[in-house]
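Structural overview for review
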Amino acid sequence: FFNQNTTPVKSMDTAAILSVEGRTYPVDVFYTKSPVADYVKAVVSTVIGIHQEQGPGDILAFLTGQDEVEQAVRLIGERAEALRKDSSLIVLPMYGGLPPSEQMRAFSRTPHGKRKVVVATNIAEASITIHGIVYVIDCGYVKIKAYP
């Protein structure tokens with residue numbers, strides 16, 4: 001809120017209420033049947049499963065940190081390469097420490113006949129919008145900074 005009171009009198013405090021309309025889309029939610037031992041590998045398997053079994057549309061996968069994003073990007077690339085030599089997957093990382101020019105690649109249009117997979121840290125989960133995303137995978141974990 002924005003307090004527009006410029007006096008020290010608390011009873012004169014005011015607040016401006018802002019409302020931002022957003023778009024909503026129909027969403028189907030699926031969960032794993034049981035906990036997984038390695039959620040990075042589970043995300044990678046889910047990406048490959050969607051790529052092989054579902055219709056067109058790009059994929060956005062959320063993990064908890066840069067190391068996991070880089071690991072998943074590498075594993076998805078390896079799995080896609082094992083499927084066929086001329087993979088139609090374009091796998092891109094997205095995290096805060098990535099150079100801006102590399103971050104912008106995730107926002108580019110996907111070439112015809114290809115499927116883009118953006119693997120991102122979940123810090124941007126509520127604020128990232130990428131054209132063409134149809135499938136979203138969330139690992140279900142978040143890193144929380146704690147101080148001793």
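Here, every reference points to the structure presented above.
Computed from a predicted model, the values in this text were never measured in an experiment.

1. So, the packing of helix 1 (residues 39-53) against helix 2 (residues 66-83)
The contact between helix 1 and helix 2 brings their axes to 9 Å, and the two run at 40 degrees. Taken together, the axes of helix 1 and helix 2 are oblique relative to one another. The handedness of the crossing between helix 1 and helix 2 comes out as right-handed. Of helix 2, the residues touching helix 1 (which contributes Tyr39, Val40, Lys41, Val44, Ser45, Val47, Ile48 and Gln52) are Glu68, Gln71, Ala72, Leu75, Ile76, Arg79, Ala80 and Leu83. Of the residues assigned to the contact of helix 1 with helix 2, the class counts are ten nonpolar, three polar and three charged.

2. Here's the deal with the sheet that holds strand 4 (residues 133-138)
Strands sit in the order 2-3-1-4 across an open sheet of four strands; the sheet is parallel. Only two strands of the sheet have a single partner each, and these edge strands are strand 2 (89-94) and strand 4. Recorded for the sheet is a direction-independent mean angle of 20 degrees between the axes of neighbouring strands. Pairing of strand 1 (residues 58-63) with strand 3 (residues 115-121) involves five bridges; the strand directions are parallel. Looking at the pairing, Phe62 lines up with Ala120 of strand 3.

Parameters at a glance
- Residues numbered from 1 in each chain as written.
- Predicted model: local features only at pLDDT ≥ 70, side-chain atom pairs only at ≥ 80, totals over all residues.
- Heavy atoms only, no water.
- Axes fitted to C-alpha atoms, helices over the stretch in contact; angles between N-to-C directions.
- Helix = DSSP H or I, 4+ residues; strand = E, 2+ residues; numbered from the N terminus.
- Parallel < 35°, antiparallel > 145°, perpendicular 65-115°, else oblique.
- Left-handed = near helix turned anticlockwise from the far one by under 90°.
- Contact = heavy atoms within 4.5 Å.
- Nonpolar A, V, L, I, M, F, W, Y, C, P; charged D, E, K, R; others polar.
- Pairing = 2+ DSSP bridges.

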